[in-house]
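# Breakdown of the fold
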Amino acid sequence: MKVVFVYADSKEEWNSSEWRCAVPCRAINRSGRHQASLLSVVDFANHTPQAVALCNAADVIIVERNLFAGVLSAIQYWKARDKAIIANFDDAYSLMPPSNVNYSFWREGVSRVTNEKIEPPPLTQFKWGLRMVHAAIVPSRRLVEDWQNYTNMLYLPNYIELSNYQNVRSEQHEGIIIGWGGSVSHFQSFVESGLIKALRYVCKARPQVKVMICGNDFRIPKVLGLPARQLILQPWVSYREWPAILSRFDIGLAPLAGEYDERRSWIKVLEYLVMKIPWIASEGSPYQEFRSYGWLVKNTTPAWERVLLDVVDHLSKYKEEAGREAYLTGISQAIDDNVDSILNTFAMVAQLAVGKPLSVMAV
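First things first, this report covers the structure right here in the doc. Bear in mind that the values here come from a model prediction, so they are computed numbers and not experimental data.

## Considerations on the overall build of the chain
- The secondary structure content of the chain amounts to 17 helices and 12 strands.
- Over its C-alpha trace the chain gives a radius of gyration of 21 Å, about what one expects of a compact globule, namely 21 Å for 363 residues.
- Overall, the C-alpha framework of the chain stretches about 65 × 50 × 35 Å when taken along its three principal axes.
- Out of the 363 residues in the chain, the part that is buried amounts to 56%.
- Intrachain contacts of the chain at a sequence separation of at least 6 include 67% that bridge at least 24 residues.

## Remarks on the pairing of strand β2 (residues 35-40)
- Here six bridges tie strand β1 (residues 2-7) to β2, and the two strands are oriented parallel to one another. For Val4, the partnering residue across the bridge sits in β2 and is Ser37.
- A crossover links β1 with its parallel partner β2, the connecting element being helix α1 (residues 16-31), and its sense is right-handed.

## Description of the sheet that holds strand β6 (residues 153-155)
- Spatial ordering of the open sheet is given by β2-β1-β3-β4-β5-β6, a layout of six strands whose pairing is parallel. At either end of the open sheet lies a strand with only one pairing partner, and these are β2 and β6. Looking at each pair of strands side by side, their axes are set apart by 25° on average, direction ignored.
- Taken strand by strand, α1 contacts β1, β2, β3 (60-64), β4 (84-88) and β5 (135-138), and its axis lies near 150° from that of β2.

## A word on the nonpolar core
- Counting residues in each nonpolar core, the largest one holds 57 residues, and the members touching the most others are Phe5, Tyr165 and Phe346.
- Of the residues forming this core, the biggest block, eight residues, is contributed by helix α17 (residues 335-354).
- Once residues lying within four places of it in the same chain are set aside, the contact partners of Tyr165 are Trp19, Ile160, Tyr239, Trp242, Pro243, Leu246, Glu271, Val274 and Met275.
- The next biggest cluster of nonpolar side chains, apart from the first, holds 39 residues, and it includes Val4, Ile75, Phe89 and Val144.

Reading the values: the criteria
Residue numbering note: each chain is counted from 1, following its sequence as written. Only residues with pLDDT of 70 or above have their local features reported here, since the model is predicted, and side-chain atom pairs are shown and tallied only from 80 upward, although totals for entire chains, interfaces and linings are computed over all residues. Remark: hydrogens and water are excluded; side-chain values derive from all non-hydrogen atoms of the structure. Starting at the N terminus, helices and strands are each numbered in turn, a helix being any DSSP run of H or I of at least four residues and a strand any DSSP run of E of at least two. We compute the radius of gyration over the C-alpha atoms and compare it with the globule rule, which gives 2.2 Å times the number of residues raised to the power 0.38. For every residue, the accessible area (1.4 Å probe, protein chains only) is compared with the maximum for its type, and the residue is labelled buried under 20%, exposed over 50%, or partly exposed between those bounds. Any pair of residues with heavy atoms lying within 4.5 Å of one another is described as a contacting pair. Strands pair, by our definition, only if DSSP identifies at least two bridges between them. By convention, orient the strands away from the viewer: a clockwise path from the first strand over the helix to the second makes the crossover right-handed. Here an axis means a line fitted to C-alpha atoms, over the contact stretch when the element is a helix, while the angle between two N-to-C directions is reported on a 0 to 180 degree scale. Buried Ala, Val, Leu, Ile, Met, Phe, Trp, Tyr and Cys residues form a nonpolar core when they are joined through side-chain atoms within 4.5 Å.

Written out as structure tokens, the structure reads:
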């Protein structure tokens, strides 16, 4: 099978495309039985020579997120040439809160470049795109439910590239670091979960605790209002550099708040599992499958306070537990151990879409 992953992220925002495109692409090629390629959405929409060559040879084309403008025309073009087309996205664009930096684009239809209104609105075009493709893959069961009236929705989780997280040496540090890392789309997760006041309380009650915030959303450390000696700020780093930063966490956080967050994937907790980090997360759909291996709490300040203090005060016990069944569960979601499941999904769509049987076991 030959697969083309059309990625949407720019170099400056590279994140979703790593998990949804680059990681499975590399794993498919490592399998030695199939071929996969990466192609930018700009090249795909503009039918560049590289795009034409890759798509001509492809059995399946996976298009990430940007189902609008020239991408829709390109989808129609290749669909007419008997290519199986699968949409690939990981966000609830119709539920984005105003605190999200992409709110104006997806919810208000305002161009990021010209600041002018886009007609038809991006969300409308996105829905058109879903009706055009043969299926869509998403890492959230709630997203499957949300969009099942538009196309064949398939749950395909974010599997982890385990080699990137192994043999990472943790730096020695004083005290206990409670850590979190993420993009600028998580501000509401902190503000509305009750976590902010809980962190203030825990830092005051346990002076040895420090909170580490990773990423470029400077709103979060500002609203936390912690003493400088108990706050560590880590700017955004690349995907390859991230595990070394993550290894500094003694306790990992994964707050959620609102319907938008209910559609997130399990990435944060999965990373904690493979790094043997005790974790605390909000109750909600994204982390239910891992509830036996950490703490899921209600979004109230007292609930966060109680669990945070318990994990801080009994950290050695929780670290020991994180290195047993929790770790084994995490590594079971390694991309290389699940690549055949991914390929079977693509082959099934191809067979249903264009009547073209594709065996994932074929060399």
